[in-house]
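Examining the three-dimensional arrangement
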Amino acid sequence: MEKEDASVEEISPGLEAASEVQERLGGDLTACFQCLKCTSGCPMADHMDLMPAEIIRLLQLGQIHRVLESDSIWLCAGCLTCSTRCPNEIDIAHIMDKLRQEAVARGIKPGNEKIASFHKAFLKSVKRHGRSFESGLLAAYAIKNGELMKNMGLGMTMFFKGKMPIIPKNVSGRKAIRKMFENYQRKLAEKKGS
Ligand code: SF4
Ligand code: SF4
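On a predicted model such as this, the values are computed, not experimentally measured, just so you know.

Attention now goes to the overall build of the chain. Counting its regular elements, the chain contains 12 helices and zero strands. Put simply, the chain runs from its N terminus to its C terminus through helices and strands in the order α-α-α-α-α-α-α-α-α-α-α-α. Of all 194 residues assigned to the chain, the portion counted as buried reaches 20%.

Written out as structure tokens, the structure reads:
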């Protein structure tokens, strides 16, 4: 008996998910031909468990879970180098933003707890001051991770160079920024409840 051709779903169970992922993240991910220009320019690539180009490839295959569980999306510094280097105009930096949002919405935390702790301290600082207050941010992070003494020398050097102000400078639109945080948290709670 002649064997029937395998269906597309049997060959690649990720295909359906890939189109959904693409719709959620925006941009034409299928345009990526793995030239690695994004990865070779990324200043954080040495510390990442998945390179930017690997992330795009996994998303093409609908493997969003593997991407959301990686530390790379949290290590991305949002410098936009990858987006400007991509010959196919894939906005990888924006995709990284969306992936972090997706991870938070799904309650997926980065494997390295220190990364999550730094992000929490950063967001708390922005919510409180309307911008990042470096001294408070680094102190909160160091205390949480038991690294206060380890970073003391660096902190003092930065302080004497005028890079670590003791008094925070709040932005004038602080209330509006706080409102944005509250709206986001409300929407996130609604999404989780639905
Ligand atoms: S935006 Fe993120 S992924 Fe892109 S080059 Fe910068 S650090 Fe790397
Ligand atoms: S630069 Fe663009 S096309 Fe090249 S690997 Fe990165 S995402 Fe793909």
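Structure's up, so let's keep going.
Attention now goes to the site of ligand 1. Residues in contact with ligand 1 amount to 15 residues; listed here are only the nearest, Cys42, Cys76, Cys79, Cys82 and Ala93. If you list the elements that add at least two residues to the shell around ligand 1, you get α7 (81-85) and α8 (92-105). Residue contributions to the shell around ligand 1 peak at three residues, all from α8. Looking at the shell around ligand 1, its residues break down into 12 nonpolar, three polar and no charged.

A few words on the site of ligand 2. Around ligand 2 sit 15 residues in total, of which Cys32, Cys35, Cys38, Ala53 and Cys86 are the nearest. Elements with a contribution of two residues or more to the shell around ligand 2: α3 (37-41) and α4 (52-60). The class makeup of the residues in the shell around ligand 2 is 11 nonpolar, two polar and two charged.

A separate point is helix α11 (residues 148-160). With 13 residues, α11 should reach 18 Å at 1.5 Å per residue; the first-to-last C-alpha distance of 18 Å fits that figure. Largest kink in α11: about 30°, centred on Leu154. Of all 13 residues making up α11, only zero are buried, and the element is barely covered by its neighbours. Backbone geometry just downstream of α11 places Gly162 in the positive-phi region, at approximately 75°.

About the criteria used
- Residues numbered from 1 in each chain as written.
- Chains lettered and ligands numbered in written order.
- Predicted model: local features only at pLDDT ≥ 70, side-chain atom pairs only at ≥ 80, totals over all residues.
- Helix = DSSP H or I, 4+ residues; strand = E, 2+ residues; numbered from the N terminus.
- Buried ≥ 20, exposed ≤ 12 C-beta atoms within 10 Å, placed from the backbone.
- Near = placed C-beta within 6 Å.
- Nonpolar A, V, L, I, M, F, W, Y, C, P; charged D, E, K, R; others polar.
- Expected span 1.5 Å × (residues − 1).
- Bend = angle between axes of the 7 residues up to and from the residue.

Don't take any of this as a statement about function, it's just geometry.
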